[in-house]
Structures are given as structure tokens and as C-alpha cells.
Amino acid sequence: MSSNNESISKTLAVVVSLCLVCAVIVSLTSVQLRPLQKANKAKDIQSNILAAAGIGKVDNVAETFEAKIETRFVNMQSGEFAKPVEDFDFEKTKYDAKEGYPLKENGIKDIAGIQRITKRAPVYISKKDDGSTDAIILPIQGYGLWGLMYGFISLESDGETIKDIIFYKHNETPGLGGEIQNPQWTATWEGKELPIQIVKGTAAGDEHKIDGLSGATLTSNGVDHAVDFWTGENGFGPFLAKVRKGALN
């Protein structure tokens, strides 16, 4: 009986020891890989910003981003440029959450389903070779069918004409709502002007309308609401109003 107990105790000791060793190895690996994971996430976001600016695939994403894109921060209420966010991290989807405020409690209709909005948000300004503004890239997010959709909308230097729209993170149904990533659909946004409305049927000939996604009404509505919110008075609207008056010239 004593021998059996000793055997069980030894087995448990070995199992616990192995678990502890494995936990330590996993923790160390996670810590060591964290900078690489962070760099890869930043690279992915930067690639999408470059794509939204009309800059195709490049060999060195970080270097091209540094050369072509200026990152600024905007006071969402005044539309003025604000001081940078400390320890800015590209992989974050919300900035200054503690400084932000809930929409509904402040009498703002939450059409995008984001609940809260930051007081400062990043904007990305693409530059031409002569230093003038080529495009303004705004981060947008809004609730689709299954969750929040994250993307960028790119505007010409006039602050009104759409250059591109890109969604890089979402949970929409492949083949239906997932078509928000289809280049054929996003290409239909080019040259359209704010404000935008996504409609059923055909939007041909109307500079303010986009064809909705077939079989994905809720996703289309989500994109519509997200763009409407972020380019409107409660989003980047105050900033875009200043751009239209020549704030970036």
C-alpha cells in the first residue's frame, strides 16, 4: 500500500514538474516573440494604410511608410491637430479610451455601434514627391453583422472625394458580408463624393451612392453607418471641414 502511494506521489510530482517547465517555456517564448508579433501587426496596419493611399506592394513597408505617410492626431471635437498620443501603437484600434466618452450618454446617436469615441484619433496624410498632400487616410470602425469591422477610408486632398476604402479586420460571412474586402466592390468607391449612401440596386451615375453587397444587407448597412459616422460631425467631420478650407495647404 505504501509502495503504491509512493508511486502515485512520484507520478504526480513528475506531472507537476513537467507542467511547470512547460509553463515557463511557453511564458518565455511568448515574451521573446512579443516584439516580433507587435512589429508584424504594425507592418500589417501600415501596409493597409499604404494601400489605401494608392501605394502598392513595397519591399520595405516601414521605410516606405516613414517616407510617404505623415501620422498626425486630431482633436475630434474641434478638428484641430492635437499633440501625439504617447506610446502610440499601430495595433490598437481604440486610442485614449480613458479620455474618451460614451456616445449615448452625451446625446450622440451611435449609428456605428462603437459605444465610445476617443477625444484624439490618428489621421494619416500621404505626401507627393513635392511635399503636397496626396491623400488623407482616416481610420474607421463600425458594427457589421457579427462584430466590429475595422478599416480605412482614403480621401483626396479636397477632403470630399473618395480615393479608396479598405477593411482589414472583420468577422463578416465569407462570400457575403466578407465581400467588403473584394477589390471589385471597393473599386466602386473611387471618385465618389461624401456624404455616401449604400443602396440596393444600382448606384450608377450618382456620385453619392454605392451599390450594396448582394445578400449582405446588414453588413452593407454597417459600412454605410460607419462611413457616415466617421466622416460626419461626430467623427472626423470638424477636421474635414478645416481641410476643405485649406488647412493642409
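Scroll up a little and you will see the structure.
1. Structural notes on the environment of A121
For step 1, the next point in the chain: On the secondary structure map, A121 appears in strand β5 (residues 120-127).
For step 2, the next point in the chain: Among all residues touching A121, those that are not within four sequence positions of it are R72, F73, V74, M76 and F236.

2. Considering the packing of aromatic side chains
For step 1, the next point in the chain: The full count for this structure, using the stated rule, is seven aromatic pairs.
For step 2, the next point in the chain: Arranged with centres 6.3 Å apart and planes meeting at 65°, the rings of F65 and Y124 form a pair that is edge-to-face. Taken as a pair, F65 in helix α2 (residues 61-68) and Y124 in strand β5 lie far apart in primary sequence, 59 residues in all. There is no split in this pair, since F65 and Y124 are both buried.
For step 3, the next point in the chain: A ring pair is formed by Y124 and F152, whose centres lie 6.0 Å apart and whose planes are at 80°; its orientation type is edge-to-face. Of this pair, Y124 sits in strand β5 while F152 sits in strand β7 (residues 148-156), and the two are 28 residues apart along the sequence. F152 matches Y124 in its accessibility class, with the two residues each being buried.
For step 4, the next point in the chain: Taken together, the ring pairs in this structure connect F65, Y124, F152 and Y168 into an aromatic cluster.
For step 5, the next point in the chain: The aromatic ring of F81 is capped on one face by R72, whose charged end is 3.8 Å from the ring centroid.

3. What to know about the pattern of salt bridges
Close approach of charged atoms allows side chains of opposite charge to pair.
For step 1, the next point in the chain: On inspection of all chains with the given rule, the structure shows six salt bridges.
For step 2, the next point in the chain: Its salt-bridge partner being E70, residue K127 comes within 3.7 Å of it at the nearest N-O pair. Within this pair, whereas K127 is found in strand β5, its partner E70 is found in strand β1 (residues 69-75), the two being separated by 57 residues in sequence.
For step 3, the next point in the chain: What you see here is one network of salt bridges that share partners, running through E70, R72 and K127.

4. So, the environment of I55
For step 1, the next point in the chain: Mapped onto the fold, I55 is located in the loop between α1 (2-52) and α2.
For step 2, the next point in the chain: Separated by 13 residues in sequence, I55 and K68 place their C-alpha atoms 9.0 Å apart.
For step 3, the next point in the chain: Apart from the residues within four sequence positions on either side, I55 is in contact with L50, T64, K68 and S126.

5. Regarding a nonpolar patch on the surface
For step 1, the next point in the chain: On the surface, L145, W146 and L218 cluster together into a nonpolar patch covering about 320 Å² of accessible area.
For step 2, the next point in the chain: Checked against the element boundaries, L218 lands in helix α4 (residues 217-230).

6. A few points about unusual backbone geometry
For step 1, the next point in the chain: Backbone torsion omega between L194 and P195 reads -5°, so that peptide bond is classified as cis.
For step 2, the next point in the chain: Along the chain, P195 falls in the loop between α3 (183-186) and β9 (197-199).

7. Examining the sheet that holds strand β8 (residues 162-169)
For step 1, the next point in the chain: Strand order in the open sheet formed by six strands is β2-β1-β5-β6-β7-β8, and the pairing between neighbours is antiparallel. If you trace the sheet from one side to the other, it starts and ends with β2 (81-82) and β8, each paired once.
For step 2, the next point in the chain: Pairing analysis gives four bridges linking β5 to strand β6 (residues 133-143), with the strands arranged antiparallel. In the sheet register, I125 faces β6, and the bridge partner there is I136.
For step 3, the next point in the chain: Taken strand by strand, α4 contacts β6, β7 and β8, and its axis lies near 125° from that of β6.
For step 4, the next point in the chain: Each of β1, β2, β5, β6 and β7 touches helix α5 (residues 237-244); the most contacted strand, β6, lies at about 165° to it.

Conventions adopted
Residues numbered from 1 in each chain as written. Predicted model: local features only at pLDDT ≥ 70, side-chain atom pairs only at ≥ 80, totals over all residues. Heavy atoms only, no water. Helix = DSSP H or I, 4+ residues; strand = E, 2+ residues; numbered from the N terminus. Contact = heavy atoms within 4.5 Å. Phe/Tyr/Trp six-rings, centres within 6.5 Å; stacked < 30°, edge-to-face > 60°. Buried < 20%, exposed > 50% of the residue type's maximum accessible area, 1.4 Å probe, protein only. Lys NZ or Arg CZ within 6 Å of the ring centre and 35° of its normal. Salt bridge = Lys/Arg side-chain N within 4 Å of Asp/Glu carboxyl O. Patch = residues over 30% accessible without salt bridge, like charges linked within 9 Å, V, L, I, M, F, W, Y side chains within 5 Å. Areas by Shrake-Rupley, 256 points an atom, 1.4 Å probe, with all protein chains shown as cover. Pairing = 2+ DSSP bridges. Axes fitted to C-alpha atoms, helices over the stretch in contact; angles between N-to-C directions.

Read these as layout, nothing more, since geometry by itself doesn't imply function.
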